[in-house]
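This is what each chain is made of:
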Amino acid sequence: MTETDSVRLQITGMNCASCVGRVERALLAVPGVESAAVNLANESAQITHTSAVSVADLVTLLDDVGYPAEVEEITLDVQNMSCASCVGRVERALNAGDGVLGAAVNLATETATVRYAAGANTPAGVAALATDAGYPAAITSEQESDRDQRKADEIDELARRTLFAAVLALPVFIIEMGSHLIPGMHHLIMGTIGLQSSHYLQFLLTSLVLFGPGLSFYTKGFPALFKGAPDMNSLVALGTSAAYGFSLVATFAPGVLPAGTANVYYEAAAVIVVLILLGRLLEARAKGRTGEAIRKLVGLQAKTARVERAAGIQELAIEDILVGDVIHVRPGEKIAVDGRVLTGSSYVDESMITGEPIPVEKSDGAGVVGATVNGTGALTYRAEKVGSDTMLAQIIQMVEQAQATKLPIQGLVDRITQWFVPAVMGVAALTVAIWFLFGPDPALSLALVAGVSVLIIACPCAMGLATPTSIMVGTGRAAEMGVLFRKGDALQLLQESTVVALDKTGTLTAGKPALTDMIVLPSRDVADVLRLVAAVEGKSEHPIAEAIVADALAKGLGLPEVDGFDSITGYGVSARVDGHAVLVGADRLMTREGVDLGALSAQGEALARKGKTPLYAAVDGQIAAVIAVADPIKPSTPAAIAAFHALGLKVAMITGDNQRTAQAIASELGIDHVIAEVLPEGKVAALEGLRVGDGKLTFVGDGINDAPALAAADVGIAIGTGTDVAIEAADVVLMSGDLVGVVNAFDISQRTMRNIRQNLFWAFGYNTLLIPVAAGVLYPFGGPLLSPVLAAGAMALSSVFVLSNALRLRWVRPAMQATGQGGDPAQQTPHAVPAE
């Protein structure tokens with residue numbers, strides 16, 4: 001089987017949906033490229049390819065089709081090089097890295113200059129290539145890449161171009177439009193500079209606009225047109241060139257035009273350029289805000305840490321921390337990287353990872369996660385994962401991959417935009433021909449106005465931005481709520497689901513037995529009985545025994561010494577404690593030993609009907625208590641099930657437990673469908689049975705045995721307390737350990753898809769309605785003939801509307817708030833109830 005790799009490239013020069021389609025078709029035409037998803041909103045392409053294709057090949061291809069990949073160059077300070085063979089080793093290590101296009105190492109200056117494709121790697125990742133080869137490398141401080149700053153500089157440059165164009169276009173607009181709108185303005189111009197001089201002035205100013213700030217429309221648009229692949233720039237270039245060219249003839253050779261048609265349209269050409277530049281400026285600023293979630297996640301990282309080295313404790317940059325380093329954390333500081341506590345005790349705020357507000361206790365041996373915040377204690381810990389291996393780095397990578405994915409709904413946009421621009425050019429040509437042949441005088445002028453309006457208003461910017469901007473903002477906001485979409489298409493499939501199937505153990509429940517009920521005879525003391533029973537069970541290794549012991553210790557009860565312990569297989573245990581003979585086990589143990597259960601027999605049966613495991617305790621041959629042990633339901637589970645029903649979902653439970661226990665839990669929670677006594681390999685078949693009648697299906701699980709079911713479901717959701725295997729098989733990963741995240745995942749999915757549909761409705765509706773208006777279909781019925789200037793304004797506003805609508809998702813609040821460390825058995829304290 002051919003090995004595949006995935007790479008993410010940043011791409012420049014894309015302006016609309018047709019650009020996206022062109023880039024995708026070019027990439028998919030390369031032998032060895034299996035898939036390519038291009039995102040206009042974050043200007044990236046996610047490409048899956050075989051080893052037959054290199055990143056350098058892809059970069060060259062993108063250059064050839066006119067949409068260059070963004071290439072960055074950094075300089076590294078490299079240590080430990082002593083000879084030419086060291087140089088060769090470092091160069092080979094760097095050139096073998098993801099996205100590296102070339103590396104040159106200088107032994108004399110101990111530096112390496114590396115060119116790499118932006119998005120395919122990072123400065124820190126490139127430096128790690130040399131470090132891993134045994135030559136520690138650090139980014140030269142003045143060379144460190146800053147994409148955000150570069151984007152800010154691009155926005156500033158676009159703002160300057162827009163302002164310069166507006167200053168030049170304003171007099172043209174006032175002279176020409178003022179003559180039509182302001183009484184006396186035409187006579188004022190005629191009486192001062194004269195009509196011809198005003199045309200010369202408009203020509204000069206418009207030329208400066210078109211061949212200054214607006215030059216990029218022509219340098220990009222006409223080459224694309226001549227290649228037979230016109231884009232948005234081609235439409236703008238054609239439209240403004242037509243208006244400008246006609247005006248040139250009317251200014252310098254009016255005699256060649258039919259009488260009464262020698263009008264100038266300089267203001268249309270100049271103002272169109274200004275408005276489209278303004279629209280792109282607003283787009284660029286809004287697009288910058290769509291990636292706010294990623295920047296927030298990156299900003300969570302600590303910048304430095306106090307690290308033990310040979311010379312003592314040093315303040316080091318986070319990039320310089322190595323696996324195995326011992327790191328000191330003071331109260332209130334951020335944890336720098338992932339690791340395990342060596343000494344100290346503290347509470348750590350992990351809400352940025354889990355979404356749960358309650359700080360988590362950390363002491364010797366506990367794991368800590370980079371970017372979480374230490375409380376009032378001091379800790380030392382050993383670094384276990386650094387750089388791209390940390391949990392935060394993997395979260396960022398998951399979000400970026402989800403944002404680059406295409407949803408199935410995007411296929412409609414792709415099919416339309418593939419022929420959209422050529423079709424618009426055809427409509428514009430047909431419009432000009434009809435007006436010229438059948439329009440009223442001055443037919444040529446009216447034909448020009450209508451044709452230019454069609455070209456300008458039909459730019460498919462809004463179509464290209466409608467889906468990716470919503471995906472970026474929606475998945476980013478979801479990440480902030482602790483919901484990670486590993487696969488972007490899960491965003492659409494989740495809101496199409498009609499059934500959510502839940503694993504029981506570890507998903508609905510804590511996944512760990514706990515003592516839930518203890519009913520004692522009135523003549524007995526609750527604490528005393530629990531102390532005796534826990535002492536006996538302390539000698540057993542059974543999980544139920546562990547639950548009883550844990551509860552006694554949590555209540556501060558000391559466990560006395562035990563003599564004569566005996567484990568009776570299939571029945572229970574017996575021992576002598578403090579001079580008392582103690583029996584603990586099932587009802588059959590009591591029957592065998594001749595102990596009368598009395599009133600506790602009915603209590604035990606009631607507990608069993610609730611899906612709990614009843615155990616009986618006898619002291620000195622007399623029944624003393626019935627104890628119930630169960631895997632407790634997580635505190636947030638009932639509210640989550642109710643929320644699923646409110647969302648219109650059917651809820652099913654799949655478990656390996658016996659039918660009676662499963663049915664008891666289902667009845668308590670209001671679960672619609674129960675599939676019990678299912679072996680791990682049978683979960684996939686159980687899902688297929690549910691899917692047949694109910695359409696799209698989502699499965700939620702957390703264990704290794706859930707991985708096949710997570711992969712088989714339309715959408716697999718792994719909860720955060722699960723294993724790495726389950727998480728790898730899932731489409732969505734929750735950082736919290738309860739079902740609150742699942743509810744929030746469904747909610748953000750529905751909101752995002754609703755937002756996408758709103759954007760697409762606007763984008764398609766805008767073009768569908770306004771292209772005929774621009775072509776002049778209303779004119780014969782007394783309606784307006786749309787000015788090219790108004791067409792340019794409407795086109796710019798349509799893109800801004802789509803972006804602004806998508807940005808509303810930034811303020812979506814969680815449908816359910818985390819309730820704390822959901823599922824911790826310690827939080828579910830059993831209560832003692834005297835026997836009736």
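Residues take numbers from 1 onward in each chain, read along the sequence in its written order. Only residues with pLDDT of at least 70 get local features here, since the model is predicted, and only at 80 or more are side-chain atom pairs given and counted; chain-wide, interface and lining totals rely on the full set of residues. The basis for the side-chain values is all heavy atoms of the structure; hydrogens and waters are excluded.

### Digging into the overall build of the chain
By the criteria applied, helices consist of DSSP H or I runs no shorter than four residues and strands consist of E runs no shorter than two, each listed in order from the N terminus. Scanning the chain from N- to C-terminus turns up 29 helices and 30 strands. Burial status follows relative accessibility: with a 1.4 Å probe on protein chains alone, a residue under 20% of its type maximum counts as buried, one over 50% as exposed, and anything between as partly exposed. Residues counted as buried form 53% of the 836 residues belonging to the chain. Element-wise, carbon and sulfur atoms account for 58% of the exposed surface of the chain, whose accessible area totals about 35100 Å². For the area figures, the Shrake-Rupley method with a 1.4 Å probe applies, and any residue is considered shielded solely by the protein chains shown.

### Section: the packing of aromatic side chains
Ring geometry is summarised as follows: Phe, Tyr and Trp rings, the Trp one being its six-membered ring, pair when their centres sit within 6.5 Å, and such pairs are stacked at plane angles under 30 degrees, edge-to-face over 60 and tilted between the two. Within the structure shown, the criterion is met by 12 aromatic pairs. Taking 5.2 Å as the distance between ring centres and 65° as the angle between the ring planes, the aromatic pair formed by W435 and Y779 counts as edge-to-face. Separated by 344 residues along the polypeptide, W435 in helix α14 (residues 410-438) and Y779 in the loop between α28 (740-775) and α29 (788-807) bring together distant segments of the chain. W435 gets classed as buried once you look at its relative accessible area, which sits at 8%. The partly exposed category is assigned to Y779, whose relative accessible area is 33%. What links up through ring pairs into an aromatic cluster is the set Y200, F203, F211, Y218, F222, F226, Y244, F252 and Y266. Sitting over a ring, as applied to charges here, requires NZ of Lys or CZ of Arg to be within 6 Å of the ring centre and within 35 degrees of the ring normal. Here the basic side chain of R588 rests over the ring of Y571, its NZ or CZ set 6.0 Å away from the ring centre. Sitting over the ring of Y571, R592 keeps its end group 5.0 Å from the ring centre.

### Some thoughts on the UniProt feature "transmembrane region" (unreviewed entry) in the chain
UniProt positions are given in the numbering used here, feature names are shortened, and annotations may be inferred rather than shown by experiment. Here, the residues flagged by UniProt with the feature "transmembrane region" (unreviewed entry) are residues 163-182, 202-223, 235-257, 263-282, 419-438, 444-467, 760-779 and 785-807. When the span residues 202-223 is considered, its composition is 86% helix and 0% strand, and the gap between its end C-alpha atoms is 27 Å. Split by type, residues 785-807 is 87% helix and 0% strand. Its first and last C-alpha atoms lie 34 Å apart.

### Description of the confidence of the model for the chain
On average, the chain scores 82 in pLDDT, and the residues at 70 or more come to 87%. Least confident of the elements in the chain is strand β30 (residues 831-834), whose mean pLDDT is 38; most confident is strand β10 (residues 326-329), at 94. In predicted models, pLDDT denotes the confidence assigned by the predictor to each residue on a 0 to 100 scale.

### Overview of the pairing of strand β11 (residues 338-344)
Strand pairing is assigned whenever DSSP detects at least two bridges linking the two strands. Here β11 pairs with strand β16 (residues 379-385) via 6 bridges, running antiparallel. Looking across to β16, one finds that G339 is bridged to A383. Relative to strand β14 (residues 367-368), β11 is paired through 2 bridges, and the arrangement is antiparallel. Directly across from G339, in β14, lies its bridge partner V368.

### Details of the environment of T469
Mapped onto the elements of the fold, T469 is located in helix α16 (residues 461-480). As for T469 and N759, which are separated by 290 residues in sequence, their C-alpha atoms are 9.6 Å apart.

### Considering the environment of S540
With respect to the helices, strands and loops of the structure, S540 is situated in the loop between α19 (526-537) and α20 (543-554). Exposure remark for S540: the relative accessible area of 19% places this residue in the buried category. Put simply, S540 and G572 are 32 residues apart on the chain and 9.7 Å apart in space, counted from C-alpha to C-alpha. Only heavy atoms matter for contacts: two residues are in contact if any of them lie within 4.5 Å across the pair. Not counting residues within four places of it along the chain, the set of residues in contact with S540 comprises A545 and F565.

### Side note on helix α1 (residues 17-28)
If you check α1, its first and last C-alpha atoms are 17 Å apart, about what 12 residues at 1.5 Å a residue would give, namely 16 Å. Those residues of α1 that sit buried are A17, S18, C19, V20, G21, R22, V23, E24, A26 and L27. In a helix, the anticipated span is given by 1.5 Å times the number of residues less one.

### Quick notes on the pattern of salt bridges
Side chains bearing opposite charge may pair, as long as their charged atoms lie close to each other. Any carboxyl oxygen of Asp or Glu within 4 Å of a side-chain nitrogen of Lys or Arg constitutes a salt bridge here. Tallying each qualifying case throughout the model produces 13 salt bridges. With a shortest N-O distance of 2.9 Å, E350 and K362 are connected by a salt bridge. Of the two residues, E350 is situated in the loop between β12 (346-349) and α12 (351-354) and K362 in strand β13 (residues 360-362); the sequence distance between them amounts to 12 residues. Residue classification places E350 among the buried residues on the basis of a relative accessible area of 12%. The class for K362 is buried, based on a relative accessible area of 7%. Linked through salt bridges whose partners overlap, the residues forming this network are D528, R531 and D578.

### So, the sheet that holds strand β6 (residues 111-117)
Two modes of strand pairing occur in sheets, parallel and antiparallel, and in both the strands are linked by backbone hydrogen bonds. Reading across from one edge, β5-β6-β4-β7 is the order of the 4 strands in this open sheet, with antiparallel pairing throughout. Since the sheet does not close on itself, it has two edges, and those belong to β5 (100-106) and β7 (137-139), each with one partner. Between one strand axis and the next, the sheet turns through 25° on average, direction left out of account. Across 7 bridges, strand β4 (residues 71-78) lies against β6 in antiparallel orientation. The partner of V71 across the bridge, within β6, is A117. For helices, the fitted line uses only the C-alpha atoms of the stretch in contact; every axis is such a line through C-alpha atoms, and the angle between N-to-C directions lies from 0 to 180 degrees. Lying over the sheet, helix α4 (residues 123-132) contacts β4, β5, β6 and β7, oriented at roughly 160° with respect to β7.

### Notes on the sheet that holds β10
Overall, antiparallel pairing links the 6 strands, which are arranged β9-β8-β10-β16-β11-β14 in an open sheet. On the outer flanks of this sheet lie β9 (312-317) and β14, each paired with one strand and no other.

### Digging into the nonpolar core
One finds L27 and F644 to be the most contacted residues of the largest nonpolar core, which totals 145 residues. Considering every element that reaches this core, the biggest residue donor is α28, with 15 residues. With sequence-adjacent residues up to four places away left out, F644 is seen in contact with V500, L502, L649, V651, L739, V742, V743 and F746. Of all hydrophobic cores here, the second largest spans 28 residues; its members include A534, V573, A575 and V584. Among the buried residues, those of types Ala, Val, Leu, Ile, Met, Phe, Trp, Tyr and Cys that are joined through side-chain atoms within 4.5 Å form a nonpolar core.

### Brief notes about a nonpolar patch on the surface
By definition, no residue in a patch forms a salt bridge, and every one has over 30% relative accessible area; like charges are joined within 9 Å, nonpolar side chains (Val, Leu, Ile, Met, Phe, Trp, Tyr) within 5 Å. Taken together, the side chains of L430, I434, F436, L437 and F438 make up a nonpolar region of the molecular surface, amounting to roughly 580 Å² of accessible area. Note that F438 resides in helix α14. Judged by its relative accessible area of 67%, F438 falls in the exposed class.

### Thoughts on the side chain of T698
By the secondary structure assignment, T698 is in strand β27 (residues 697-701). The exposure class of T698 is buried, given its relative accessible area of 0%. In protein, a polar contact requires one atom able to donate a hydrogen and another able to accept it; more generally it is a pair of N or O atoms within 3.5 Å, and residues adjacent in sequence count only if both atoms are side-chain atoms. Engagement of the side chain of T698 in a polar contact is seen with the side chain of S497, the distance being 2.8 Å. Those residues in contact with T698 that lie beyond four places of it in its chain are L494, S497, V499, V500, A501, V715, I717 and F746.

### A short note on the packing of helix α15 (residues 443-457) against α29
Here α15 crosses α29 at 10°, and the two axes come no closer than 8 Å. It follows from the interaxial angle that α15 and α29 lie roughly parallel. From α15, V449, V452, S453, I456 and I457 reach across to α29, where they touch P788, A791, A792, A794 and M795. When describing relative orientation, an angle under 35 degrees is termed roughly parallel and one over 145 degrees roughly antiparallel, while 65 to 115 degrees is termed roughly perpendicular and anything else oblique.

### Topic: helix α23 (residues 637-646)
Residues spaced three or four apart along an α-helix face the same direction, because each turn holds 3.6 residues. For α23, every residue scored as buried is listed here: T637, A640, I641, A643 and F644. Seen along its axis, α23 keeps its buried residues to an arc of 160°; they face one direction. Buried residues in α23 make contact with β18 (499-503), α18 (504-508), β25 (650-654), α24 (659-669) and α28. One or two residues past the end of α23 sits G648, with phi positive at roughly 85°. Relevant arc is that of directions from the helix axis to the C-beta atoms, nothing else.

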